[in-house]
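Coordinate analysis (summary)
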Amino acid sequence: GDSVTQMEGPVTLSEEAFLTINCTYTATGYPSLFWYVQYPGEGLQLLLKATKADDKGSNKGFEATYRKETTSFHLEKGSVQVSDSAVYFCALRPKTGTASKLTFGTGTRLQVTL
Amino acid sequence: DTAVSQTPKYLVTQMGNDKSIKCEQNLGHDTMYWYKQDSKKFLKIMFSYNNKELIINETVPNRFSPKSPDKAHLNLHINSLELGDSAVYFCASSQAGQGTEAFFGQGTRLTVV
């Protein structure tokens, strides 16, 4: 079945540091890929997405590129802020079928300090 | 206007009780889900409904029973609550097929004491 593997956290960075959170996936065909963010005490918000190979999703300074050859969708940000502290989830969803569900990775907690 | 809303936000109850969580979406989506998030933040799908029809039922105890009166609503009823049911439950909705994103509610933190 489909699965998503993301790096274990927590990740602790100083403000303005470069961020990478690794994500790889296993799926049949070419699913859509997503990064969701969960701020403390809140629900999940879509951060960015990519629906086909070589697509780059971007939002709020975060970027991720859909790499078919390495089945990866790593999240990057050039300069993190304290307000980016949250849990980040990589997810995939097949493009066909009514039973198409979002499959999540285990989440990576990011803590940014001054 | 909240896209996916679920109530209550917090629910504290005793073991053995029966409780319900309600979810409504105003996005016109045809598919709704319930996810459970455990204390380690792991998200696992429980159920999915498409146009009021149950299409995903993961390994969930029979004490959990979803009900979809129409495609904008998906409620979750839990019988005979156990300590292990304590978690955050998220409702979500999306459009079937096409690999589009799902929109999530704010979650219901259930604590069983």
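Preceding this section is the structure that the text describes.
Reference entry: report on the structure contained in this document. (Residues numbered from 1 in each chain as written. Chains lettered and ligands numbered in written order. Predicted model: local features only at pLDDT ≥ 70, side-chain atom pairs only at ≥ 80, totals over all residues. Heavy atoms only, no water.)

**A short note on the pattern of salt bridges**
Where charged atoms from two side chains of opposite charge approach closely, those side chains can pair. Under the counting rule described, the total for this entry stands at seven salt bridges over all chains. A salt bridge links Lys52 of chain A to Asp55 of chain A; its shortest N-O distance comes to 3.3 Å. When the shortest N-O distance is used, the salt bridge between Glu82 of chain B and Arg63 of chain B registers 3.5 Å. Separated by 19 residues along the polypeptide, Glu82 of chain B in the loop between β8 (73-78) and β9 (87-94) and Arg63 of chain B in the loop between β6 (53-57) and β7 (64-70) bring together distant segments of the chain. (Salt bridge = Lys/Arg side-chain N within 4 Å of Asp/Glu carboxyl O. Helix = DSSP H or I, 4+ residues; strand = E, 2+ residues; numbered from the N terminus.)

**Looking at the interface of chain A and chain B**
The partner chain B presents 26 residues to the 24 residues of chain A that form the contact. Between chain A and chain B the total buried area reaches about 2000 Å² when both faces are included, carbon and sulfur atoms providing 54% of it. Here chain A is connected to chain B by two salt bridges. One salt bridge in this structure joins Lys49 of chain A and Glu101 of chain B, with 2.8 Å as the shortest N-O distance. Taken together, the connections running from chain A to chain B amount to nine residue pairs in polar contact (both at pLDDT 80 or more). Sort the elements by how many residues they give to the side of chain A that touches chain B and strand β5 (residues 32-38) of chain A lands first, with four residues. (Contact = heavy atoms within 4.5 Å. Buried area = accessible area lost by both parts, 1.4 Å probe. Polar contact = N/O pair within 3.5 Å; in protein donor to acceptor, adjacent residues only side chain to side chain.)

**Side note on the state of the cysteines**
Residue and element names in this part refer to chain A. In total, this model carries two disulfides over all chains according to the counting rule given. A sulfur-sulfur separation of 1.9 Å characterises the disulfide bridge that pairs Cys23 with Cys90. Looking along the S-S bond of the Cys23-Cys90 disulfide, the torsion reads about -70°, which is the left-handed sense. With a gap of 67 residues between them, Cys23 in strand β4 (residues 23-26) and Cys90 in strand β10 (residues 86-93) connect regions that are remote in the sequence. For Cys23, a relative accessible area of 0% translates into the label buried. (Disulfide = S-S within 2.5 Å. Buried < 20%, exposed > 50% of the residue type's maximum accessible area, 1.4 Å probe, protein only.)

**Observations regarding the sheet that holds β7 of chain B**
Residue and element names in this part refer to chain B. The strand order across the open sheet built from four strands is β1-β3-β8-β7, with neighbouring strands paired in antiparallel fashion. Lying at the two open borders of the sheet, with one neighbouring strand each, are β1 (4-7) and β7. Shown here is a sheet whose adjacent strand axes are inclined to one another by a mean of 15°, direction ignored. The pairing of β1 with strand β3 (residues 19-25) spans four bridges and is classified as antiparallel. Bridging across to β3, Val4 finds its partner in Gln25. (Pairing = 2+ DSSP bridges. Axes fitted to C-alpha atoms, helices over the stretch in contact; angles between N-to-C directions.)

**Concerning unusual backbone geometry**
Here the residue pair Gly9 of chain A and Pro10 of chain A is connected by a cis peptide bond, since its omega of -5° sits within 30 degrees of zero. Within the fold, Pro10 of chain A resides in the loop between β1 (3-6) and β2 (11-14). For the bond from Thr7 of chain B to Pro8 of chain B, the omega torsion is -5°, close enough to zero to count as cis. With respect to the element layout, Pro8 of chain B can be found in the loop between β1 and β2 (10-13). For Asp54 of chain A, which is not glycine, the phi dihedral falls at a positive 75°. Relative to the helices and strands, Asp54 of chain A is located in the loop between β6 (44-50) and β7 (56-59). Residue classification places Asp54 of chain A among the exposed residues on the basis of a relative accessible area of 54%. One non-glycine residue, Ser80 of chain B, adopts positive backbone phi at about 45°.

**A closer look at the layout of surface pockets**
Within this model, the largest pocket holds a volume of roughly 410 Å³. Considering the residues around the largest pocket, the lining is formed by 26 residues, among which Gly41 of chain A together with Gln37, Lys41, Val88 and Arg109 of chain B are closest to the centre. Of all the secondary-structure elements, those providing two or more residues to the lining of the largest pocket are β10 and β12 (108-113) of chain A together with β9 and β11 (108-112) of chain B. When the residues that make up the lining of the largest pocket are grouped by side-chain class, the tally is ten nonpolar, ten polar and six charged. Each pocket or cavity is described by its volume, and for the second largest pocket that value is around 300 Å³. When contributions to the lining of the second largest pocket are tallied by element, the ones reaching two or more residues are β1 and β11 (103-104) of chain A together with β5 (43-50) of chain B. Residue classes in the lining of the second largest pocket are distributed as nine nonpolar, seven polar and four charged. (1 Å grid on protein atoms, 1.4 Å probe; cavity = no way out; pocket = protein on both sides within 12 Å on 5 of 7 lines; lining within 4 Å. Points joined across faces, edges and corners; volume = space filled by probe spheres on them. Nonpolar A, V, L, I, M, F, W, Y, C, P; charged D, E, K, R; others polar.)

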